[in-house]
Amino acid sequence: MLRRIILSLVTTVIASAALAQDAGLKRLDSGVDARAWEAVGRLDIGGNGFCTGALIAPRLVLTAAHCLYDRDTKQRIDHSGVQFLAGWRNGRAGAYRDIRRAVVHPDFVYDGDVSSDRVRNDLALLELQRPIRNTTIKPFVTAARPRPGDSVGVVSYAKDRSEAPSLQEVCKVLAQQEGVLVTSCSVDFGSSGAPIFSFEGGEAQIVSVVSAKAEVDGKRVSLGTSLGATLAILQAELVAGKGVFQDAGPRRKRVLVGQTNSDTGAKFVKP
């Protein structure tokens, strides 16, 4: 059990060198290096920023829910202004797609406060206007969450490396707590929504999505949203015909800044 977690958004994180030293980041500039990761793409958000997303079906992209919210107004953005650039590398993408529909977890709230509830529900599923059917862009499968001590990897775009993705192939699962995956993976601005992979059986499988950074006993780590039931809920929302843009998201009671979560003992701070 983690005694203390201090959370903040990935959009302001610089990962601790001590916990990110499992493996350095490898920039995937060449076609040879990037071949296995073409289904990871950059999500350009209305010209105001970007996140990372990953194709899990010809028409579905997995990312973080907070990527679809305006940081100033705390409201959902119109996803018609978001574009998925599959395999974006040095000014070119393997496929360019606009977003037809987008669903976020119904319990996700973006209101400026950060909590374990927010990280746990920080998942979004985007339906593309047209499917991507390309022999070089193969959707990833998803898998059950890994166990503490397991090796994982992350592929992401980020600040100062927005023109090509980078791979950190070996980082560790440090803990699991209430649906939140704590890892030593290196993240930075733009890494939000990046897929976290396991490599069991020699195949890259998405087991989580990057949501935030945290501090555990004074050391910086990164946090991922568990999939499983959360992803199933989003898939059901799309099947039910949901995902049309709405101006306001749901609201519910939250742990506020400076308060202590009675369940986890975590103290939350603003990003």
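All of these numbers come straight from a predicted model, not from anything done at the bench. (Residues numbered from 1 in each chain as written. Predicted model: local features only at pLDDT ≥ 70, side-chain atom pairs only at ≥ 80, totals over all residues. Heavy atoms only, no water.)

K.L.:
Looking at this model, I keep getting lost on the pattern of salt bridges. Mind explaining?
P.N.:
Pairing between side chains of opposite charge can happen when the charged atoms of each approach one another. With the rule as written, the count across this model stands at eight salt bridges. In this structure, glutamate 127 and arginine 100 form a salt bridge, with 2.4 Å as the shortest nitrogen-oxygen distance. Placement of the pair is glutamate 127 in strand 8 (residues 124-128) and arginine 100 in strand 7 (residues 95-104), with a sequence separation of 27 residues. Under the relative-accessibility criterion, glutamate 127 is labelled buried at 11%. Exposure remark for arginine 100: the relative accessible area of 42% places this residue in the partly exposed category. Notably, a salt bridge pairs glutamate 127 with arginine 101, separated by 3.1 Å at the nearest N-O pair. Remark: arginine 101 occurs in strand 7 and glutamate 127 occurs in strand 8; sequence separation between them is 26 residues. Accessibility assignment for this pair places glutamate 127 and arginine 101 in one class, buried. One salt-bridge network, in which partners are shared between bridges, spans Arg42, Asp44 and Glu163. (Salt bridge = Lys/Arg side-chain N within 4 Å of Asp/Glu carboxyl O. Helix = DSSP H or I, 4+ residues; strand = E, 2+ residues; numbered from the N terminus. Buried < 20%, exposed > 50% of the residue type's maximum accessible area, 1.4 Å probe, protein only.)

K.L.:
Explain the nonpolar core here, please?
P.N.:
The nonpolar side chains of a soluble globular protein tend to be buried, and buried together. In this structure, Leu62, Leu125 and Phe140 are the most contacted members of the largest nonpolar core, which totals 54 residues. Among all residues touching leucine 62, those that are not within four sequence positions of it are Gly53, Ala54, Ile56, Leu123, Ala124, Leu125, Gly193, Ile206, Val209, Leu227 and Leu231. Counting residues in each nonpolar core, the second largest holds eleven residues, with Val152, Val154, Cys171 and Leu181 among its members. (Core = buried A, V, L, I, M, F, W, Y, C linked by side-chain atoms within 4.5 Å. Contact = heavy atoms within 4.5 Å.)

K.L.:
When you look at the environment of serine 151 in this model, what are you seeing that I'm missing?
P.N.:
Tracing the backbone shows serine 151 in strand 10 (residues 151-158). According to the relative accessible area criterion, serine 151 is partly exposed, its value standing at 36%. Spatially, the C-alpha atom of serine 151 lies 5.7 Å from that of cysteine 171, the residues being 20 residues apart in sequence. In this structure, serine 151 is in contact with Val170, Cys171, Lys172 and Ser198, ignoring residues within four places of it in sequence. Looking at serine 151, its side chain comes within polar contact range of the side chain of lysine 172, at 2.8 Å. (Polar contact = N/O pair within 3.5 Å; in protein donor to acceptor, adjacent residues only side chain to side chain.)

K.L.:
Please explain the packing of aromatic side chains as it appears in this structure.
P.N.:
Two aromatic rings are characterised by how far apart their centres lie and by the angle between their planes. Counted under the stated rule, the structure contains six aromatic pairs. Ring plane angle 25° and centroid distance 5.4 Å describe the contact between tyrosine 69 and tyrosine 110, whose orientation is recorded as stacked. Residue tyrosine 69 is found in the loop between strand 5 (60-63) and strand 6 (82-86), and its partner tyrosine 110 is found in the loop between strand 7 and helix 2 (116-120); the two are separated by 41 residues along the sequence. According to the relative accessible area criterion, tyrosine 69 is buried, its value standing at 7%. What makes tyrosine 110 buried here is its relative accessible area of 4%. Taken together through their ring pairs, the aromatic side chains of Trp37, Phe140, Phe197 and Phe199 make up a single cluster. (Phe/Tyr/Trp six-rings, centres within 6.5 Å; stacked < 30°, edge-to-face > 60°.)

K.L.:
Can you help me understand the sheet that holds strand 4 (residues 50-57) in this one?
P.N.:
Strands belonging to one sheet form pairs held by backbone hydrogen bonds; the direction of such a pair is parallel or antiparallel. Ordered in space as 3-4-5-8-7-6, the six strands form a closed barrel in which the pairing is antiparallel. Taking each pair of neighbouring strands and ignoring which way they run, the sheet shows an average axis angle of 40°. Bridge analysis of strand 7 against strand 8 gives five bridges, and the strand direction is antiparallel. The residue bridging alanine 102 from the neighbouring strand is leucine 126, located in strand 8. (Pairing = 2+ DSSP bridges. Axes fitted to C-alpha atoms, helices over the stretch in contact; angles between N-to-C directions.)

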